[in-house]
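In case you want the letters, here they are:
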Amino acid sequence: LLTRAGAPVRDETGWKLSTTRAAAALMRWFDVLVRDGDTAALLDLLKSPFCLPGAPQRGAAIALMERQIRRDAITGGWARLRHLFAERERTTVVDAETMEASDAMLEVRAAARALIARLADEAGQWPRGLAQQPLSVWLTRLDATLDTLDMRTALAADDAGQQMLDALARLADLNDDEAGSHATLNQQEFRAMLSALLESVAYKEPSAPSQSRITIL
């Protein structure tokens, strides 16, 4: 509120990184992963500006996806989602205007199908169930997901997102100590580790230089 009022503010304490949009996008991916394409989490993830920001027809594809999901009351399942946007034969058209509308809809459907396929394929790369893996395996998989979903670049352009990437990078240091190099985790435990990390890091919003400002102690 102070910032919106034009008052220069410096917050020395910040707030938990877990409350930022960047952290929410990361944890939504794990909701999608664990719940096999849960549609509520899926739509939240896709509506995040950090997930596949450069996808073709992104806005229209997500809107179509939401309408279709709600119409058919689909709660999840990659197979059902793929089938929902499976390629269909072109319907008979009678004039140029109808043909143009049909082509536009086919393009949007193709964009929605591509979004689903990209997310489903990436989810399929993750170890499932209670399989125990070294921390290095989970971190490598997370790095691949951030790149596949084009999240890294978008996060790096956001203040909170960059701080989150820095915090995730520090997890790699755990492999250097004797306990960390031998520890194994399952998917749920890895998610819990990330959640605890985001809770422990304070996000401090950068402030512009000013001769006088309000400082929150």
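Within each chain, residue numbers correspond to sequence positions counted from 1 in written order. For a predicted model such as this one, the threshold for reporting local features is a pLDDT of at least 70, and the threshold for listing and counting side-chain atom pairs is 80 or more; totals across whole chains, interfaces and linings nevertheless cover every residue. In computing side-chain properties, one takes all heavy atoms of the structure into account and sets aside hydrogens as well as water.

## Thoughts on the overall build of the protein
Convention followed: Put simply, DSSP H or I for four residues or longer makes a helix, DSSP E for two residues or longer makes a strand, and each gets a number counted from the N terminus. Here, residues are in contact when the closest pair of their heavy atoms is within 4.5 Å. Here, Shrake-Rupley sampling with a 1.4 Å probe gives the accessible areas, and only protein chains in the shown set may cover a residue. Here Asp and Glu are counted as negative and Lys and Arg as positive; His is not counted, and neither are the chain ends. Here the site of a charge means atom NZ of a Lys, CZ of an Arg, CG of an Asp or CD of a Glu.
Scanning the protein from terminus to terminus reveals ten helices and six strands. Dimensions of the protein, computed from C-alpha atoms along their principal axes, come out at roughly 70 × 50 × 25 Å. A separation threshold of at least 6 residues defines the contact pool for the protein, and within that pool the share at least 24 residues apart is 72%. Entry remark: accessible area of the protein is about 12,100 Å², with carbon and sulfur atoms responsible for 53%. Placing the 25 positive and 30 negative side-chain charges of the protein at their respective mean positions leaves the two points 5 Å apart.

## Looking at the pattern of salt bridges
Short version of the rule: A pairing counts as a salt bridge when a side-chain nitrogen of Lys or Arg comes within 4 Å of a carboxyl oxygen of Asp or Glu. We call a residue buried when its accessible area falls under 20% of the maximum for its residue type, exposed when it is over 50%, and partly exposed in between, using a 1.4 Å probe and counting protein chains only.
Evaluation of the coordinates by the stated rule reveals 14 salt bridges. Here lysine 47 makes a salt bridge to glutamate 66, at a shortest N to O gap of 3.1 Å. With lysine 47 in helix 2 (residues 39-47) and glutamate 66 in helix 3 (residues 58-72), the pair connects residues that are 19 residues apart, well separated along the chain. Taking the relative accessible area as the measure of exposure, lysine 47 reaches 45% and is therefore partly exposed. What makes glutamate 66 buried here is its relative accessible area of 19%. A salt bridge links arginine 152 to aspartate 147, with the shortest nitrogen-to-oxygen separation between them at 2.7 Å. The exposure class assigned to arginine 152 is partly exposed, which follows from its relative accessible area of 27%. Salt bridges linked by common partners bring Arg28, Asp31, Arg35, Asp38, Asp44 and Arg191 together as one network.

## Description of the confidence of the model for the protein
Just so we agree on the cut-off: Confidence of the predictor at the level of single residues is given by pLDDT, which spans 0 to 100.
Model confidence for the protein is summarised by a mean pLDDT of 88, while 90% of its residues fall at 70 or above. Taking the mean pLDDT of every element in the protein, the minimum, 61, falls on helix 9 (residues 178-182) and the maximum, 97, on helix 2.

## A closer look at unusual backbone geometry
The residue glutamine 57 is not glycine, and still its phi comes out positive at about 55°. Mapped onto the elements, glutamine 57 comes out in the loop between helix 2 and helix 3. For alanine 73, which is not a glycine, the phi torsion comes out positive at approximately 55°.

## Some words on the packing of aromatic side chains
Aromatic rings considered in pairs are described by the distance between their centres and by the relative angle of their planes. The line we're drawing: Each Phe, Tyr or Trp ring (for Trp, its six-membered ring) is paired with any other whose centre lies within 6.5 Å, and the angle between the two planes then decides the class: stacked below 30 degrees, edge-to-face above 60, tilted in between.
For the coordinates displayed, the defined rule picks out five aromatic pairs. Their ring planes at 80° and their centres at 5.3 Å tell us that tryptophan 15 and tyrosine 203 sit as a pair that is edge-to-face. With a gap of 188 residues between them, tryptophan 15 in strand 2 (residues 15-16) and tyrosine 203 in strand 5 (residues 202-203) connect regions that are remote in the sequence. Exposure remark for tryptophan 15: the relative accessible area of 38% places this residue in the partly exposed category.

## Topic: the side chain of threonine 145
Short version of the rule: We define a polar contact as two N or O atoms separated by no more than 3.5 Å, with the added condition that, inside protein, one atom must be a possible hydrogen donor and the other a possible acceptor, whereas residues neighbouring each other in sequence contribute only through side-chain atom pairs.
Along the chain, threonine 145 turns up in helix 6 (residues 135-148). Of note is the side chain of threonine 145, whose polar atom sits 2.9 Å from the side chain of tryptophan 126. Setting aside anything within four residues of it in sequence, one finds threonine 145 in contact with Trp29, Glu122 and Trp126.

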